[in-house]
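Observations on the three-dimensional arrangement
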Amino acid sequence: MFECRLQRKSLCQWMAGTLDAAGREALDRHAAACPSCREEWRGLQEVIMATERKPEPDPGPEYWDRYWDRLQARLETEAAPLIRPGTVRRSALRRHLFWRRLALPSAAAALIVAGIMIGRWSTRAPHPSVPAVSGVLQAGDLEIRTNRYLDRSKRILLALVNDLPADKDVYGLDLPGRKIASRALFREAADLRGDLAKAKKRRLERLVSDLQTILLQIANLKAEDGLDAVDIIRAGIEGRDVIFQINLARMRGASGSSAAVLSGLTAPPAPKSAF
Amino acid sequence: MKINPDIDLSPGLEARLLAGDPEAFRELVEAYKRKFYGLAFQYTRNHADAEDVSQTAFIKVFRSIGTFRKGSSLNAWLYRVVVNTAIDHIRKRPFFPQEYPRPEAVETSSGPPDPARAAEAALLRKKLDAALDRISERERTAFILRFDHGLNLREIAEVLDVSVGSVKSYLFRSGRKLRRELSEAGLRLSEEVPHV
Ligand SMILES: [Zn+2]
């Protein structure tokens with residue numbers, strides 16, 4: 001009986017994968033002579049084997065191909081922090097004090113790089129995952145698309161302007177989500193600008209172009225750039241009065257079009273996959 | 001960079017992730033989506049909830065990657081997020097279905113389909129799932145992480161926030177209980193088990 005109790009401990013080690021060679025030999029010897037321990041060991045082996053034979057749930061390749069698109073759509077609506085009305089002034093002050101202590105000289109350089117990147121990216125072909133827009137696009141579709149674009153961009157900008165830095169991380173916890181959303185919007189901007197130019201919507205095209213610059217700056221933020229980089233982007237948003245311009249454009253666009261208003265309130269559809 | 005027996009991450013991914021690089025996050029999602037979904041499915045037992053839980057877990061990873069401590073196990077940290085999300089989810093659910101409908105598209109097997117084998121595997125899964133439901137949450141989590149997801153003892157200890165010794169006893173207890181449940185369910189798993 002004492003030996004059995006000892007060997008139960010070995011079985012526990014065996015189950016955990018930590019039984020050494022000497023222990024294993026002793027367990028083998030005991031199991032050969034003791035039917036009860038042998039049966040117990042055999043039972044544990046059977047359970048592990050059953051786990052190995054158990055099929056994995058797999059919804060199929062189409063599901064996996066679109067997994068990222070669906071996640072990205074959720075990130076755009078859920079990862080951006082909520083705007084807290086009435087906290088803007090106070091938070092701006094606290095942010096200012098907090099960030100001054102962390103000023104880093106590389107911030108301005110990072111934005112210059114971002115500026116160079118814009119030049120390079122703008123000449124690139126549209127992102128392949130964005131379906132090519134043909135000339136048959138109707139004016140209403142363009143309006144809806146533009147409004148959606150403006151609303152999504154505004155959410156990111158507002159989050160950046162109003163958010164308090166979190167304690168643990170210079171940018172706060174939501175930055176990765178905002179960066180991903182910003183990059184996606186930056187990529188969409190090229191197509192949208194082209195269509196707006198074709199439709200002779202010069203003012204909107206300029207607004208989307210301004211947004212594109214800011215979104216790329218956000219997308220390219222790096223932790224080592226420090227919080228001054230965020231301050232520079234904020235200054236850009238405020239200097240160009242971008243949020244006001246968006247509100248203005250939305251007011252013009254929404255007049256008489258309930259569909260356009262609604263489109264700004266609902267989550268954008270997941271981008272169509274290229275295949 | 002191998003941080004999970006089944007997952008190969010590109011070197012430097014962890015650092016890029018911590019720096020908030022969106023491409024790094026996407027790479028992480030692509031590498032872990034099947035693991036997240038599979039684990040979520042083991043807790044929720046249906047496709048819609050597994051999708052919801054796995055994506056919610058990724059969003060949490062997004063938001064809280066800044067709280068990950070450099071030098072600890074990223075794999076364990078990720079699993080911890082999924083396990084906690086899944087457990088929260090099933091606790092909030094009004095009831096836990098005993099007969100869970102299988103998702104339509106689930107179960108794609110490589111190789112030629114063999115109806116008898118598939119039926120046997122499905123039965124086995126159902127019995128094992130039912131047995132897993134009857135052991136404690138910690139024992140179940142330890143068992144699934146060890147034998148389905150290949151986490152090592154230290155990682156499981158991090159996920160559950162317990163000592164390695166406790167993980168060992170959870171594993172042993174879960175093994176014994178599952179064995180009892182399965183034999184009561186009348187499942188003869190194999191005629192002859194080779195000596196491992
Ligand atoms: Zn014995």
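These numbers were taken from a predicted model, which means no experiment stands behind them.

Here we look at the confidence of the model for chain B
Interpretation of the predicted coordinates at a detailed level should be avoided for regions scoring low in pLDDT. Residue and element names in this part refer to chain B. Looking at chain B as a whole, the pLDDT averages 83, with 82% of positions reaching at least 70. Taking the mean pLDDT of every element in chain B, the minimum, 66, falls on strand β1 (residues 2-4) and the maximum, 96, on helix α7 (residues 153-160). Contacts of residues 98-111 to residues separated by more than four positions or lying in other chains number 22 contacts, the stretch itself having pLDDT below 50. Counting interchain partners and residues more than four positions distant, the pLDDT-below-50 stretch residues 190-196 has 17 contacts.

Concerning the packing of helix α3 (residues 35-53) of chain A against helix α6 (residues 137-148) of chain B
The interhelical angle for the contact between α3(A) and α6(B), taken along N-to-C directions, is 65°, at an axis separation of 10 Å. Relative to α6(B), the element α3(A) is oriented roughly perpendicular. With respect to the hand of their crossing, α3(A) and α6(B) are arranged in right-handed fashion. Here A:Val47, A:Ile48 and A:Thr51 of α3(A) lie close against α6(B), whose contacting residues are B:Phe143, B:Phe147 and B:Asp148. Residue classes in the contact of α3(A) with α6(B) are distributed as four nonpolar, one polar and one charged.

Thoughts on the coordination of the zinc ion
Residues and elements named next belong to chain A. Within the first shell, the zinc ion binds the protein through Cys4 (SG), His30 (NE2), Cys34 (SG) and Cys37 (SG), at distances of 2.1 to 2.3 Å. Because the angles between the four donor atoms bound to the zinc ion fall within 97 to 117°, the donor set is best described as tetrahedral. Spacing between the donor residues of the zinc ion along the chain follows C-x25-H-x3-C-x2-C. Separated by 30 residues along the polypeptide, Cys4 in helix α1 (residues 2-16) and Cys34 in the loop between α2 (21-33) and α3 bring together distant segments of the chain.

Concerning the pattern of salt bridges
Under the criterion given, the structure shown has 27 salt bridges over all chains. Note that B:Asp161 and B:Arg80 form a salt bridge whose closest N and O atoms lie 3.8 Å from each other. Highlighted residues: B:Asp161 in the loop between α7 and α8 (164-184) and B:Arg80 in helix α4 (residues 74-92), separated in sequence by 81 residues. Each of A:Glu39, A:Arg42, A:Glu46 and B:Arg179 takes part in a single network of salt bridges with overlapping partners.

Conventions we followed
Residues numbered from 1 in each chain as written. Chains lettered and ligands numbered in written order. Predicted model: local features only at pLDDT ≥ 70, side-chain atom pairs only at ≥ 80, totals over all residues. Heavy atoms only, no water. pLDDT = per-residue confidence, 0-100. Helix = DSSP H or I, 4+ residues; strand = E, 2+ residues; numbered from the N terminus. Contact = heavy atoms within 4.5 Å. Axes fitted to C-alpha atoms, helices over the stretch in contact; angles between N-to-C directions. Parallel < 35°, antiparallel > 145°, perpendicular 65-115°, else oblique. Left-handed = near helix turned anticlockwise from the far one by under 90°. Nonpolar A, V, L, I, M, F, W, Y, C, P; charged D, E, K, R; others polar. Donors = N, O, S within 2.8 Å, 3.2 Å for Na, K, Ca; no water. Tetrahedral: all angles 85-135°; square planar, octahedral: opposite > 155°, others 65-115°. Salt bridge = Lys/Arg side-chain N within 4 Å of Asp/Glu carboxyl O.

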